[in-house]
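Report on the structure
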Amino acid sequence: MTTSLAKVPVEADRHLAPGLLEGALHTDLTPEGCDLGYWFRAVPEGTLGGDPMGRSADVAVPDHMMEDGPLRQAVMQELAFRSMAEEKAARAISFLVAYAPDLAGMDFYSTQLMDEARHAYAFRGHLLELGTPEDRLEATMESLAGADRDAVLTPLEEFGLSVLEKDRDYIGGVITLTVLVEGVLAPTAELSERKWRPFDPPAAEIERAAGIDEIRHLSVGSTIVRRHLRRHPEELDRIRELVGRGNELWSRLPVQELTYRREQLYQQGLEQHRDLAGDYELWPGRRLVDTTAEERMLAAAEWARTTQESRLADMGLAP
């Protein structure tokens, strides 16, 4: 008999799983393979290591992150926004659970709903670790990211709910979530994990655990859409039109402006704490201390484009 540890698949292992970008591009998973049994074996212990926030108990929040300044403000703005995004995703996924045409889809999206709700919980939890009073948590999050939520997340939510709630379009909802939401926001999460490692290790660990979940979400969502289009090729034009409408919406949202503003704040903190970053490389051959706010923003945008194109090709939706 193998141990429970041996049963954790590589893509869910907190130590062995690929990074989010690599995993999103190359991992191939199915809803049947990522059922409730998979989730209970792989996620609580394999991905989270027994901690609901997905972080190591012995990794403390550094003292410099408890001092008010641009670094602390930058991470708090990011986490507040991410928590709001994950909360909206969890609520939207409830429609995929309800409208799934088979048990495999229902079971898988039940686990993704739990994942997204946990992500929101973990990001809020780190805001508490950073000193936000619990009775002021919601008000603090609103002040940190309420305007960005209204500018970016609310239009996305309205688009998604028009597909899910109004049209009851299961496949349309899957592709909206996989391509137009997670497939574009995931690269920003990858950037966050990398850039916070030298300054806020708990935040990086939380992002890492969430990123491992997102690999599974992106891969299984792609499989569901690919299978649907193979069985129903007459749906191809409709789905492409939906993707086109979603991309047109993205082009009108101030995502790059939001990212650049946060990266400028992070840049101020980076200049103050260059010694902590040392020779740490944000990506191979590029030291974090040598990067600029614009360079990091453009890198995340390029990662998003590459990820989306790969997922669309995998689904059979390449232009």
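Above this text is the structure in question.
Our subject in this report is the structure included herewith. In this text the structure is predicted, and so the values were computed from the model without any measurement.

Re the pattern of salt bridges
A full pass over the atoms with the stated rule returns 30 salt bridges. The residue Arg 216 makes a salt bridge to Asp 115 at a minimum N-O spacing of 2.6 Å. Remark: Asp 115 occurs in helix H4 (residues 103-129) and Arg 216 occurs in helix H7 (residues 201-231); sequence separation between them is 101 residues. For the pair shown, Arg 216 and Asp 115 are each scored as buried. For Arg 245, the salt bridge is made with Glu 241, and the minimal N-O distance between the two is 2.8 Å. Placement of both Arg 245 and Glu 241 in helix H8 (residues 236-252) is noted, with a separation of four residues, approximately one turn of the helix. Overall, Arg 245 belongs to the partly exposed group, its relative accessible area being 40%. Classification of Glu 241 by relative accessible area gives partly exposed; the value is 41%. Within this structure, Glu 78, Lys 195, Glu 263 and Arg 296 form a network of salt bridges that share partners.

Analysis parameters
Residues numbered from 1 in each chain as written. Predicted model: local features only at pLDDT ≥ 70, side-chain atom pairs only at ≥ 80, totals over all residues. Heavy atoms only, no water. Salt bridge = Lys/Arg side-chain N within 4 Å of Asp/Glu carboxyl O. Helix = DSSP H or I, 4+ residues; strand = E, 2+ residues; numbered from the N terminus. Buried < 20%, exposed > 50% of the residue type's maximum accessible area, 1.4 Å probe, protein only.

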